[in-house]
Amino acid sequence: MYEHRYRENKLHGQPEFPLHIYRVEHQARVHSILPVHWHNEMEIIYLAEGRATFYIESREFTIQAGDALIVHPGELHSGMDTVSGGTCYYSIVFKCSWLSSPYPDRVQSLFLDPLLQGTTRLPALLSAADDTHTPLLYLIKELLNRYEHQSAAYELSLKAHLLLFIADSYQYGLTRKNPEPEPRHRREYNRQIREVLSYMEQHSRDRLELDQLASVVSLSRSHFCKFFKAQTGMRPMEYLNYIRISQAASLLRSGSYNVLEAALESGYQHVSYFSKWFRHYMNMTPSDYKARYSSGV
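As the structure is a computational prediction, the values presented were derived from the model and not from experiment. (Residues numbered from 1 in each chain as written. Predicted model: local features only at pLDDT ≥ 70, side-chain atom pairs only at ≥ 80, totals over all residues. Heavy atoms only, no water.)

**Quick word on the pattern of salt bridges**
Per the counting criterion, the structure on display carries 11 salt bridges. One connected set of salt bridges, linked through shared partners, spans Arg59, Glu75 and Arg121. (Salt bridge = Lys/Arg side-chain N within 4 Å of Asp/Glu carboxyl O.)

Now the structure itself:
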């Protein structure tokens, strides 16, 4: 499936199986391939095609096909196509607690609890050029393969592979202790941007003005615009349109909405304005997008 995601509070997978894998493909000349967002699950991003730069909190990672990133729960992250040549990546999103044991055994106390409590971190970057990372990258590709085919007991297989992924991270010395907390001003910036992104997501269908958004975090209009661009790489209204277009794309892929219905449902009153932004982000018209992707590929 094709999935364009932003600030997320949705359930990934099912309550009894909290894991889902998203295939995300962007055509050439689409610059922003993942708007800044966060969620409470762990995420493994595997780049299958292209070259891209991802941001996890204040860290920047430029990766190429075959590399992977690990995003810990609660971390702000986003991505851009570095060369605008088109990208395809997979997001493996799962709850860490799903891997826990119901009994306080050694595995839980020595290896899983430190991850759940945030005192130990998995490696942020897995590079195909680093031989030490090869076993972990192999496990990621095996996860993708088993999820795609969903043979008998594939759920058990996926859980086993994730546990092995964590075990190998410890075995090869790739885990690290959680670093010191970021400076107070950085934590405050994170709090503010989370708050305004959440507000924009909740009210994306409403008519939103800059002054209204600035008031959410008690900033002046000019300071808010500078702050938002510095934190997300987008202007506020540009990001709002990205959210709306992402929602519209999802509706068009479902096959249950025509172009006009998708535009109205996403907060647009004029189809021409909707089409302009859709072409800007998707590099094709809404009609072409629906024709290409509404089959659920």
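**Overview of the sheet that holds strand 7 (residues 77-81)**
Overall, antiparallel pairing links the four strands, which are arranged 2-7-4-5 in an open sheet. At either margin of the open sheet sits one strand with a lone partner, and together these are strand 2 (32-37) and strand 5 (59-64). Direction aside, neighbouring strands of the sheet carry axes that sit 20° apart on average. Of the strand pairs in this sheet, strand 4 (residues 51-56) and strand 7 are connected by five bridges, and their pairing is antiparallel. Residue Tyr55 lies in a different strand from strand 7, and its bridge partner there is Ser78. (Pairing = 2+ DSSP bridges. Helix = DSSP H or I, 4+ residues; strand = E, 2+ residues; numbered from the N terminus. Axes fitted to C-alpha atoms, helices over the stretch in contact; angles between N-to-C directions.)

**Quick notes on the packing of aromatic side chains**
Per the stated rule, a full pass over the model turns up 15 aromatic pairs. Between Tyr273 and Trp277 the ring centres are 6.4 Å apart and the planes differ by 75°, which places this aromatic pair in the edge-to-face class. Taken as a pair, Tyr273 and Trp277 lie in helix 9 (residues 271-282) at a separation of four residues, close to a single helical turn. What makes Tyr273 partly exposed here is its relative accessible area of 38%. Here Trp277 falls in the buried class, since its relative accessible area comes to 13%. With a centroid separation of 5.3 Å and an interplanar angle of 75°, the aromatic rings of Phe278 and Tyr289 are classed as edge-to-face. One end of the pair, Phe278, is in helix 9; the other, Tyr289, is in helix 10 (residues 286-293), with 11 residues separating them in the sequence. (Phe/Tyr/Trp six-rings, centres within 6.5 Å; stacked < 30°, edge-to-face > 60°. Buried < 20%, exposed > 50% of the residue type's maximum accessible area, 1.4 Å probe, protein only.)

**A few points about helix 7 (residues 236-254)**
Between its first and last C-alpha, helix 7 extends 28 Å over 19 residues, near the 27 Å set by a 1.5 Å rise per residue. Two residues or fewer past helix 7, Gly255 is found with a positive phi of approximately 80°. (Expected span 1.5 Å × (residues − 1).)

**A closer look at the sheet that holds strand 3 (residues 42-49)**
If you walk across this open sheet you meet the five strands as 1-8-3-6-10, and the pairing is antiparallel. Looking at which strands have only one partner, the edges of the open sheet turn out to be strand 1 (19-26) and strand 10 (125-126). The sheet contact formed by strand 3 and strand 6 (residues 68-71) spans four bridges and is antiparallel. Considered in strand 6, the bridge of Glu43 is made with Val71.

**Notes on the packing of helix 4 (residues 184-202) against helix 7**
With their axes 10 Å apart at the nearest point, helix 4 and helix 7 run at an angle of 50° to one another. Between helix 4 and helix 7, the crossing angle belongs to the class labelled oblique. The two elements helix 4 and helix 7 meet at a crossing, and its hand is right-handed. Listed contacts from helix 7 to Leu197, Met200 and Glu201 of helix 4 are Pro236, Tyr239, Leu240 and Ile243. Grouping the constituent residues of the contact of helix 4 with helix 7 by class yields six nonpolar, no polar and one charged. (Parallel < 35°, antiparallel > 145°, perpendicular 65-115°, else oblique. Left-handed = near helix turned anticlockwise from the far one by under 90°. Contact = heavy atoms within 4.5 Å. Nonpolar A, V, L, I, M, F, W, Y, C, P; charged D, E, K, R; others polar.)

**As for the packing of helix 2 (residues 134-149) against helix 3 (residues 154-171)**
The packing of two helices is summarised by the inter-axis angle and the distance between the axes. Where helix 2 contacts helix 3, the axes come no closer than 10 Å and their chain directions differ by 170°. Of the possible angle classes, the one that applies to helix 2 and helix 3 is roughly antiparallel. Note on element contacts: helix 3 touches helix 2 through Tyr154, Ser157, Leu158, His161, Leu162, Leu164, Phe165, Asp168 and Ser169, opposite Pro135, Leu136, Leu139, Ile140, Glu142, Leu143, Arg146 and Tyr147. Tallied by class, residues from the contact of helix 2 with helix 3 come to 11 nonpolar, three polar and three charged.

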